[in-house]
Number of protein chains: 2
Amino acid sequence: MAKDKFIYFFGEGKAEGNGNMKNLLGGKGAGLAEMTAIGLPVPAGFTITTEVCDLYYKNGRKYPAGLKDELIKHLARLERVVGKKLGDPKDPLLVSVRSGAPISMPGMMETILNLGLTDASVEGLAKKTGNRRFALDAYRRFIMMYGSTAMGIERADFDAAFDRIKDTRTRRRCGIPAGQKVNDTDVNEEELDALIKEFKAIYKAHIRSDFPQNPTEQLWGAIGAVFGSWMADKAVTYRRVEKITGVVGTAVNVVQMVFGNMGNNSGTGVCFTRDPNNGEDIFYGDYLVNAQGEDVVAGIRTPIKLSEFEKADPKAYRQLVQVRSTLEKHYHDMQDLEFTVEEGKLYMLQCRTGKRSPIAAFTIAVDMVREKLISKEDAVLRIKDKDIEGIFYPVIDPSQKDELKRTYLVSGIDAVPGAAAGKVVFDAKTAEEWAAQGKTVILVRRETSPEDVGGMHAAKGILTATGGKTSHAAVVARGWGKCCIVGCEKMDIDYSRRLFKVGDKVVKEGDEITLNGTTGDVYQTSLKLIQPELPDAYQTILQWADEIRRLRVRTNADTPYDAAHARKLGAQGIGLCRTEHMFFDTPERREAIQEMIVAEDVDSRKRALAKLLPIQTEDFRGIFKAMDGLPVTIRLIDPPLHEFVPHDEDKQRQLAAKIGVPFEKVKHRVEQLHEANPMLGHRGCRLTITYPEILDMQVTAIITAACDCAKLGIKVEPEIMHPLVIDRKELKILEERTRVVADAIIKKSGQKVKYLVGTMIEVPRAALLANEVAEVAEFFSFGTNDLTQMTLGMSRDDAGRFLPDYVDEKKAGVFKFDPFQSLDQSGVGLLVQMGIERGRSTRKDLKVGICGEHGGEINSVKFCHRVGMNYVSCSPFRVPIARLAAAQVVIEDKRAVAKGPASRPAAKAAVVGRKPAAKKAAPKKPAARMGAAKGPKTAAARVAVARGAKAPAKRSLSAAKRK
Amino acid sequence: MAKDKFIYFFGEGKAEGNGNMKNLLGGKGAGLAEMTAIGLPVPAGFTITTEVCDLYYKNGRKYPAGLKDELIKHLARLERVVGKKLGDPKDPLLVSVRSGAPISMPGMMETILNLGLTDASVEGLAKKTGNRRFALDAYRRFIMMYGSTAMGIERADFDAAFDRIKDTRTRRRCGIPAGQKVNDTDVNEEELDALIKEFKAIYKAHIRSDFPQNPTEQLWGAIGAVFGSWMADKAVTYRRVEKITGVVGTAVNVVQMVFGNMGNNSGTGVCFTRDPNNGEDIFYGDYLVNAQGEDVVAGIRTPIKLSEFEKADPKAYRQLVQVRSTLEKHYHDMQDLEFTVEEGKLYMLQCRTGKRSPIAAFTIAVDMVREKLISKEDAVLRIKDKDIEGIFYPVIDPSQKDELKRTYLVSGIDAVPGAAAGKVVFDAKTAEEWAAQGKTVILVRRETSPEDVGGMHAAKGILTATGGKTSHAAVVARGWGKCCIVGCEKMDIDYSRRLFKVGDKVVKEGDEITLNGTTGDVYQTSLKLIQPELPDAYQTILQWADEIRRLRVRTNADTPYDAAHARKLGAQGIGLCRTEHMFFDTPERREAIQEMIVAEDVDSRKRALAKLLPIQTEDFRGIFKAMDGLPVTIRLIDPPLHEFVPHDEDKQRQLAAKIGVPFEKVKHRVEQLHEANPMLGHRGCRLTITYPEILDMQVTAIITAACDCAKLGIKVEPEIMHPLVIDRKELKILEERTRVVADAIIKKSGQKVKYLVGTMIEVPRAALLANEVAEVAEFFSFGTNDLTQMTLGMSRDDAGRFLPDYVDEKKAGVFKFDPFQSLDQSGVGLLVQMGIERGRSTRKDLKVGICGEHGGEINSVKFCHRVGMNYVSCSPFRVPIARLAAAQVVIEDKRAVAKGPASRPAAKAAVVGRKPAAKKAAPKKPAARMGAAKGPKTAAARVAVARGAKAPAKRSLSAAKRK
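### What about the overall build of chain A?
Part 1 of the reasoning: Per the secondary structure count, chain A includes 40 helices and 34 strands.
Part 2 of the reasoning: By the compact-globule yardstick of 30 Å for 963 residues, chain A fits well, its C-alpha radius of gyration being 32 Å.
Part 3 of the reasoning: Here the C-alpha coordinates of chain A stretch approximately 100 × 75 × 55 Å along the principal axes.
Part 4 of the reasoning: Counting across all 963 residues of chain A, residues that qualify as buried make up 61%.
Part 5 of the reasoning: Relative to all contacts within chain A whose residues are 6 or more apart in sequence, the contacts with residues 24 or more apart total 69%.
Part 6 of the reasoning: Roughly 36,700 Å² of accessible area belongs to chain A as shown, and the carbon and sulfur atoms make up 50% of that amount.

### A word on the packing of helix H25 (residues 649-659) of chain A against helix H26 (residues 663-673) of chain A
Residue and element names in this part refer to chain A.
Part 1 of the reasoning: At a minimum axis separation of 8 Å, H25 and H26 run at an interaxial angle of 125°. The angle between H25 and H26 falls in the class oblique. Remark: the crossing between H25 and H26 carries right-handed chirality. Contacts from Glu649, Gln652, Arg653, Leu655 and Ala656 of H25 reach H26 at Phe663, Val666, Lys667 and Val670.

### Considering the environment of Ile689 of chain B
Residue and element names in this part refer to chain B.
Part 1 of the reasoning: Structurally, the position occupied by Ile689 is in helix H27 (residues 685-690).
Part 2 of the reasoning: Look at Ile689 and you get buried, because its relative accessible area is 14%.
Part 3 of the reasoning: A sequence separation of 41 residues divides Ile689 from Glu730, and the C-alpha atoms of the two residues are 7.9 Å apart.

### Considerations on the interface of chain B and chain A
Part 1 of the reasoning: On the chain A side, the residues contacting the 68 residues of chain B number 68 residues.
Part 2 of the reasoning: Taken together, the two surfaces of chain B and chain A that pack against each other cover about 5,800 Å², and 55% of this comes from carbon and sulfur.
Part 3 of the reasoning: Run the count over chain B and chain A and you get two salt bridges.
Part 4 of the reasoning: The salt bridge involving Arg765 of chain B is made with Asp824 of chain A; its shortest N-O contact spans 2.6 Å.
Part 5 of the reasoning: It is helix H34 (residues 828-842) of chain B that provides the largest number of residues to the side of chain B that touches chain A, a total of five residues.

### Focus: the relation of the copies chain B and chain A
Part 1 of the reasoning: Mapping chain B onto chain A calls for a screw motion: a turn of 180° about the axis and a shift of 0.0 Å along it, with 0.1 Å RMSD after fitting. In symmetry terms, the pair is related by a two-fold rotation axis. Taking the C-alpha atom as reference, chain B places Asn677 of chain B closest to the rotation axis, 2.3 Å from it.
Part 2 of the reasoning: By residue overlap, the copies meet face to face through one surface: 100% of the interface positions of chain B are interface positions in chain A.

### What about the side chain of Glu762 of chain B?
Residues and elements named next belong to chain B.
Part 1 of the reasoning: Its place among the elements puts Glu762 in the loop between strand S31 (756-761) and helix H30 (764-768).
Part 2 of the reasoning: An unpaired buried charge is present at Glu762: no salt bridge exists, and Arg683, the closest side chain of opposite charge, is 4.4 Å distant.
Part 3 of the reasoning: A polar contact of 2.7 Å, which involves the side chain of Glu762, links it to the backbone nitrogen of Leu724.
Part 4 of the reasoning: Beyond its immediate stretch of four places on either side in the chain, Glu762 contacts Asp638, Arg683, Pro723, Leu724, Gly783, Asp786, Leu787 and Met790.

### Description of the packing of helix H6 (residues 155-174) of chain A against helix H7 (residues 189-207) of chain A
Residue and element names in this part refer to chain A.
Part 1 of the reasoning: Where H6 meets H7, the closest approach of the two axes is 10 Å, and the angle between their N-to-C directions is 155°. What the angle tells us is that H6 and H7 run roughly antiparallel. The interaxial crossing formed by H6 with H7 has right-handed handedness. When H6 is examined against H7, the residues Asp157, Phe158, Ala161, Phe162, Arg164, Ile165, Arg169, Thr170 and Arg173 are found in contact with a partner set consisting of Glu190, Glu191, Ala194, Leu195, Glu198, Phe199, Ile202 and His206.
Part 2 of the reasoning: Partitioning the contact of H6 with H7 into residue classes produces eight nonpolar, two polar and seven charged.

### Overview of the sheet that holds strand S32 (residues 779-783) of chain B
Residues and elements named next belong to chain B.
Part 1 of the reasoning: Pairing within the closed barrel is parallel, and its eight strands lie in the order S27-S28-S29-S30-S31-S32-S33-S34. With direction set aside, neighbouring strand axes in the sheet form an average angle of 25°.
Part 2 of the reasoning: Two strands pair when backbone bridges link them, and strand S27 (residues 552-556) and strand S28 (residues 574-578) are joined in this way by two bridges, in the parallel orientation. Bridging from a neighbouring strand, Asn556 pairs with Leu576 of S28.
Part 3 of the reasoning: Packed onto the sheet, helix H36 (residues 879-899) meets S27 and strand S34 (871-874) and runs at close to 160° relative to S27.

### Regarding H36 of chain B
Part 1 of the reasoning: Under the 1.5 Å per step criterion, the end-to-end length of H36 of chain B is 30 Å for 21 residues, consistent within 8% with the ideal 30 Å.
Part 2 of the reasoning: Counting buried positions along H36 of chain B gives 16 out of 21 residues, so the element sits mostly inside the fold.

### Here's the deal with the sheet that holds strand S30 (residues 717-722) of chain A
Residue and element names in this part refer to chain A.
Part 1 of the reasoning: The strand order around the closed barrel formed by eight strands is S27-S28-S29-S30-S31-S32-S33-S34, and the pairing between neighbours is parallel. Averaged over all neighbouring strand pairs, the angle between strand axes comes to 25°, with direction disregarded.
Part 2 of the reasoning: Helix-sheet contacts for helix H24 (residues 602-626) involve strand S28 (574-578), strand S29 (631-635) and S30, and the interaxial angle to S29 is about 150°.

### Here's the deal with the confidence of the model for chain A
Residues and elements named next belong to chain A.
Part 1 of the reasoning: Mean pLDDT over chain A: 88, with 91% of residues reaching 70 or higher.
Part 2 of the reasoning: Across residues 903-938 the pLDDT falls below 50, and counting only partners more than four positions away or on other chains, this stretch makes 81 contacts in the model.
Part 3 of the reasoning: Note on residues 945-963: pLDDT under 50 across the span, and 39 contacts to partners over four residues away in sequence or across chains.
Part 4 of the reasoning: For this predicted complex, the interface confidence reaches an ipTM of 0.77, while the overall pTM sits at 0.78.

### A look at the side chain of Gln789 of chain A
Part 1 of the reasoning: Mapped onto the elements of the fold, Gln789 of chain A is located in helix H32 (residues 784-792).
Part 2 of the reasoning: Sequence-distant contacts of Gln789 of chain A, defined by excluding residues within four places in its chain, comprise Met679, Met794, Ser795, Arg796 and Phe820 of chain A together with Leu680 of chain B.

### Looking at the pairing of strand S30 (residues 717-722) of chain B
Residues and elements named next belong to chain B.
Part 1 of the reasoning: For S30, a buried count of five out of six residues is recorded, marking the element as mostly surrounded by other parts of the structure.
Part 2 of the reasoning: Two elements, strand S29 (residues 631-635) and S30, share five bridges in a ladder whose sense is parallel. Looking at S30, one finds that Thr633 is bridged to Glu719.
Part 3 of the reasoning: Alignment of S30 against S31, held across four bridges, turns out to be parallel. Residue pairing in the sheet places His722 in a bridge with Thr759 of S31.

### Examining helix H13 (residues 358-370) of chain B
All names here are of chain B.
Part 1 of the reasoning: The end-to-end C-alpha separation of H13 is 19 Å, in line with the 18 Å expected for 13 residues at 1.5 Å each.
Part 2 of the reasoning: If you check which residues of H13 are buried, you get Pro358, Ala360, Ala361, Phe362, Thr363, Ile364, Ala365, Val366, Met368 and Val369.
Part 3 of the reasoning: Those residues of H13 that are buried lie in contact with helix H12 (314-331), helix H14 (376-382), helix H15 (385-391) and helix H20 (536-548).
Part 4 of the reasoning: Two residues or fewer past H13, Lys372 is found with a positive phi of approximately 60°.

### Some points on the environment of Tyr347 of chain A
All names here are of chain A.
Part 1 of the reasoning: Tracing the backbone through its elements, the reader meets Tyr347 in strand S13 (residues 345-353).
Part 2 of the reasoning: As a C-alpha pair, Tyr347 and Val670 span 323 residues in sequence and 75 Å in three-dimensional space.
Part 3 of the reasoning: In this view, Tyr347 contacts Pro41, Pro43, Val258, Glu338, Phe339, Thr340 and Glu342; residues no more than four positions away in its chain are not counted.

### Some details on the pattern of salt bridges
Part 1 of the reasoning: This structure, assessed with the given rule, holds 134 salt bridges over all chains.
Part 2 of the reasoning: Here Arg132 of chain A ties to Glu123 of chain A by a salt bridge, and the two come within 3.0 Å at their closest N and O atoms.
Part 3 of the reasoning: A salt bridge links Arg739 of chain B to Glu778 of chain B; its shortest N-O distance comes to 2.8 Å. Here Glu778 of chain B lies in the loop between helix H31 (770-773) and S32 and Arg739 of chain B lies in helix H29 (residues 728-749), a separation of 39 residues in the sequence.

### Quick word on the state of the cysteines
Structurally, a disulfide amounts to a covalent bond that connects the sulfur atoms of two cysteines.
Part 1 of the reasoning: Applying the stated rule across the entire model yields zero disulfides over all chains.
Part 2 of the reasoning: Looking at the unpaired Cys864 of chain A, the closest cysteine sulfur is the one in Cys874 of chain A, lying at 10 Å.

### Focus on the packing of aromatic side chains
Part 1 of the reasoning: Enumeration over the complete set of coordinates arrives at 51 aromatic pairs over all chains.
Part 2 of the reasoning: Pairing Tyr408 of chain A with Tyr523 of chain A gives two aromatic rings, centres 6.0 Å apart and planes at 75°, and the pair type is edge-to-face. Taken together, the positions of Tyr408 of chain A in strand S15 (residues 408-411) and Tyr523 of chain A in strand S25 (residues 521-523) put the pair 115 residues apart, joining distant regions of the chain.
Part 3 of the reasoning: Overall, Tyr408 of chain A belongs to the partly exposed group, its relative accessible area being 33%.
Part 4 of the reasoning: On the basis of relative accessibility, which here comes to 8%, the residue Tyr523 of chain A falls in the buried class.
Part 5 of the reasoning: With a centroid separation of 6.3 Å and 70° between ring planes, the pair formed by Tyr139 of chain B and Phe211 of chain B is classed as edge-to-face. Taken together, the residues span a long stretch of sequence, with Tyr139 of chain B in helix H5 (residues 132-150) and Phe211 of chain B in the loop between helix H7 (189-207) and helix H8 (215-230) at a distance of 72 residues.
Part 6 of the reasoning: Classification of Tyr139 of chain B as buried rests on a relative accessible area of 1%.
Part 7 of the reasoning: Sitting above the plane of the Phe162 of chain A ring, Lys166 of chain A keeps its charged end 4.5 Å from the centroid.
Part 8 of the reasoning: The cationic tip of Lys345 of chain B hangs over the ring face of Tyr347 of chain B; the distance from NZ or CZ to the ring centre is 4.7 Å.

Reading guide: rules and limits
- Residues numbered from 1 in each chain as written.
- Chains lettered and ligands numbered in written order.
- Predicted model: local features only at pLDDT ≥ 70, side-chain atom pairs only at ≥ 80, totals over all residues.
- Heavy atoms only, no water.
- Helix = DSSP H or I, 4+ residues; strand = E, 2+ residues; numbered from the N terminus.
- Rg over C-alpha atoms; globule rule 2.2 N^0.38 Å.
- Buried < 20%, exposed > 50% of the residue type's maximum accessible area, 1.4 Å probe, protein only.
- Contact = heavy atoms within 4.5 Å.
- Areas by Shrake-Rupley, 256 points an atom, 1.4 Å probe, with all protein chains shown as cover.
- Axes fitted to C-alpha atoms, helices over the stretch in contact; angles between N-to-C directions.
- Parallel < 35°, antiparallel > 145°, perpendicular 65-115°, else oblique.
- Left-handed = near helix turned anticlockwise from the far one by under 90°.
- Buried area = accessible area lost by both parts, 1.4 Å probe.
- Salt bridge = Lys/Arg side-chain N within 4 Å of Asp/Glu carboxyl O.
- Least-squares fit on C-alpha atoms with pLDDT ≥ 70 in both.
- Lys, Arg positive; Asp, Glu negative; His and termini not counted.
- Polar contact = N/O pair within 3.5 Å; in protein donor to acceptor, adjacent residues only side chain to side chain.
- Nonpolar A, V, L, I, M, F, W, Y, C, P; charged D, E, K, R; others polar.
- Pairing = 2+ DSSP bridges.
- Expected span 1.5 Å × (residues − 1).
- pLDDT = per-residue confidence, 0-100.
- Disulfide = S-S within 2.5 Å.
- Phe/Tyr/Trp six-rings, centres within 6.5 Å; stacked < 30°, edge-to-face > 60°.
- Lys NZ or Arg CZ within 6 Å of the ring centre and 35° of its normal.

Right, dumping it as structure tokens:
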């Protein structure tokens, strides 16, 4: 990529760019170039690169030098190719100006059509097309789009003017009765002339200058609008919600206009090469006769299906079917196409990989492997974490037959499958607020717009009155796998009264409804939802993933039920069994633990613990049975004791009475347990250091249960884990006591039970001194929840007040993702990496895993693989995501190596959200020492790849310097 | 040191050991060997090494194989040299068995005298000495010491029996009237015979076997008692209080007995070669005629001064003066001697470096440099941190003349100078409890014992009724530089009624008294104390230190007064000016900051801040003036906002009324500010990220003040510091805003004011990513208070419940010192080191300092030098300690290098409390990369030295492997 080339041309079957240049040309630009090059009918045009956008923002919203000249050159070339000139009063060239980022941001970015029209050229167009009404309609659209998009005038101002003319002059002229809608197509030339006059007046009133009659000025204004849209709030929000990082800006596509609104042999459509809802291999889409593209996407009119299009215009349809086949073979994936038919001739306006529902993602991937379009590895790579989440989304329990009949309300278009039940809200803000309060909400809108994205994300389901399957609501919801019904036209929404009506039925804000996104049906109640059957394609993909991955996946489970459930989802053991959760199960358990805490001396503490012993033993028996043959990591008591005791006086009195201790004493003890910073207080193994009798009880329970199970022929592999360790000596004391207790029980039982003693690494000091800790610990489990809190000095409970600013790209933008959701790889990750490396420097075969939220988050799991962990552990429902991620990282790294070092930084930057490597040389050095890594490359190299390092050679240079 | 040599012999002018073998032979053993070798009169004997003690504990209290044979061999040699045999019924060899650790632990360890006496040999001794009473007296002492020390019988049981006999038979026989004391010397042979019988009966009653008549059995029992004393609670406590680490155990000295109790031409004494209180070059000590050594140390009888000894026994005294001169020239230091005169002949029993008062430490060091006994560097090395602390201890304000007369109570012996005022307590436990409640207490005891050490440490001053200047109370208090008066015999203490009387004056527990340790006077009130004049020797030493050190020393100061004070103490700038402290100074300030916090929008926040602006500006003007020519680091607002607002309803109502805001709103805002873990919450630069207008105000105040001062010709060097930074980008945002605000003011003022923008490194992530942070920061200041809390996951406020166990060698023993007092070098220190190294990898000239408690702690300051910091910053009163430490580390490292690698591990282990290096290879590697260090060796090497690394060669091996 030449540094000074800012614009790429395409047209006449040739293109300067190609489909691989998405980062530079954006998805749309790359697609247009590629389609042009493979001979598809694409209007000519050129793409201003994303680099220009990047430079524009880096230079304080100024264009780079040289852009202007290049634009003039390319515009001239376009005029030559098309044979028309911009602004030509006789036969003007009209262009569309559209944004196109490297990643799809549906509806987020700006589009301006019909650019080049002026008071003079509109007449030329009228004459040339012989259709003055069409020319005027194009002009009024252009003024409106330019005014609102490029110049920031409220779109509603234009709409109001249009409605006024329609409601007065058009209605009167056509004799349309009040109450009946006046269509845009009813408006005639005179009325359009008047409308254009009004639009220009609106423009002048706002901008204080005339609507520009110089097409070049129009073009620069439109380009500025596109670049401006990149940093608009809605776009920034979208990127954050979608976890999009590492993308420098949007490209601008300037393309010769073709017109879908030139009569009934014209039209515009959006389609998918396969069904994006279920993945079926059928041609799927919408078509609007006599319309421009924006009409489809905005969902203003309800379009017809492709089958009807075939009937209406079989010739144009055949061209489209041919394009479908060409593109799937070319791209090896399901495509999302935009096209226009201008007087019977097909033009392709866009081609990109199509978004799809979770089920469709699995089905298409597996089908394409069978069709030999892609490999198994490709199929595994194509599944996203949210596809797995989505596939587990609930459906309505079909056993509620009577209820279904009784509460049926209305039907719309089944845009995204799944089901959702919740309280109705009518705007995005309320949706976010109610969701934050823990309510489940359904967002009901006439139509959605990019401004609603936050509320859409917060809602469990989305219901709109207008729009088709490719409307904004449908596309966005599908990306999230979120239940969505659109085009539910019978629904009459009254925003001001916070209700909607269906006939005489009224649904108010806060009322409960249920959506069946699979059928499009809506019910006026909260129905019971159940888990769906998993499609075969899901099982197939995960089986392929299991064949590929090396990282093992365990689960966090505290009960036999959870353990068994997780095992069904593919868990290969328990990575975190939180023993204290068991204490809360029943009143008697709670009472015993409280008695233990209130105890004033060792003997009374031991008496209370003796009550807990049989209970814990029984729990462990159940868990070991469920995990027969698989390892089970059990963490000894962890939370500060004050979490176990009642804090209100009534309950304290009750406790005092029950355990026969004076109330004052209970109260005093609870007060005594108060801590200024409980996160950094008396908890974790500090409790068993202070009260070793708790350790004795818990180890006794674990090992007794293990011996009992062993007697029954169950294979047990208990791993006893001490939390919050900060020092070798501390762990040594606990380890010795653990072994004394455990070995005595094993000896007495006569069973052969092997167990491991290890530790959580969740305090920075433990990671820093991991080489010492590993002298004692047989395994490490990184507790990255706490490690994140301490490494960042950030309490998860309190961060709500400032963390959003830190994750917001437009504010501090310190983190790309919430570090409590996706591991902070550059900071906490560095400590994890050091911990592993140092631990294994002492104990080569140290077993290393992670437990906590990050163990089921896709980027974090990949990181865990790259730093050489043996396993991740996560919530049961996240086990499949971890299995997938563990396979994807193997494939990704393999391919990165195959591609060679040069391609890595850009390819990987987006994955882990890091800057390219140059500046990172220093802290990455420890990685160079990690000896115990597995796989074809060292862990260090793998992490370096993940972080976007330039090339191993670069790093060893500095290593050499060190000598 | 041969591995299998457990015992070292000395006698007849030859010794297997020498004075440098303190670690192996203990201080006493090494001293005896050295004195023997240089021809001083020392009784023959041998030393069982500290290694045996170490092995004894490592093997579960079992002696190592081979010890027994070696003991038999050495005993035989001793018998040969002395010409007597242990247990010989005609002329028995008697020995003393005494402990002797490598460090002095006065009164902590056990001593058994007269070992070898049995029913048979006592008569041999009687005949041989012709003094049966003497022999019997020796025997009863032996039984008592052996019974209590080796076998654990209460000493009081023996004392009671002795008192019974004295009070009945002796009193009657001698006709001593009731109320008059019967002296030990009044007891005659028959009564001693009876006493021995009773003592043996007591022994048998407790031990259930006869008093051992086999001297070898006695010897093993005594050796076991010495080793046992090493791990006694009082010894462990003493080591913790004294921060003694890296010492493996005590040695046992078995030495031929000489007798100071053979009549009036015999005696025993303790002396110092110079006055340990003021350092004056005079011979100083106590002598007890006709007594054994234990009588002096225990302070049971009040001894005579050396001047009286000279008169009483000029011949023996002359021998002693000769020894004094020999030893000072030999050791180049003031010595603490124990000696016995047996029938006119002097025997040296101990020789060690003498403890001294802080003033004496300075005076002796400077005098010895002038006497050319030592170098300036030696002098600097000899000063301890507590010497500096002690020299600042207050004295009684002499202006209170009438008050002094009116409240004078009594006088005792001036054991340790300085003054103390506080509430009287009568036992160590109460002293500790009251001190923990924040009360200042004076511990009043008849005499102190090692069990009292904790309470002595907690008390501001110590007053005892008995004992001389070398009694337990005096020696221990002197070590701490703590005001102490002993031998105050007119004081009649009634422990049971919690009071003491002097004549008819009564002082009850809780009453206030004042001690003048310099004169020995006690006053019955709490007098005003003032800071003493500093001796010239102090200024001389610190001037030498300043010439040697490279590390600069700044201070933490928030007011012009503190700044000026610290400057007088040698501060070279302000390293931490906490702007928020200024907010609390007056009600109007508090009100303005509270109004700012309660503000609901930017505008009202700005209005409140505008009130603070002139106040802060004026403060900074004052500070800059005081620091003319020196740098001033100013930290922007740091604590969470809830620390500024009132939490009780009344004050909230007052605030609401004053600032004209509804009470409910104030209350709500305060509630909103509550945090679960404020330490990890919304504070530090997170506040200025959220409320940048606070930054604007503070930077405006700083730079306006700087420009104002510059106009007056004052040289200002402001350094603006952003706290709690975790990321480059976060700091970048703040740095840019800081510069925009600052540069505008500077430009407007027309002054040339240079300022720096930097950050505190106090969150682990910032240290880990220091290379990135240093892209923006011009300086780092390590905030090791918070860094310790986060790295250890330990809240300073809450650690009280478990940290004592973690510092207690006998419990978890994870830390040698409280990590909030002395930097946790292995954990937090590693992060500090990484932070510096990585920071300088980006910005070679990065200025690095430390602020917070550790910056004034001696070991931590040395660490800061070794990791290459530019400066430390500490409280004003700790500035001299930091200056000293910074010089000492230069000398220590220079000497370690000169000594060569082999000697380093052991030499340094004690300094930083670390194990030798072998296992630490992995985490030390980052050090090898520290490029920017100054001085003759790299910082890495210096730290490695400090941590006890084997040799640089070792480390580069692994670096080579990495390539």
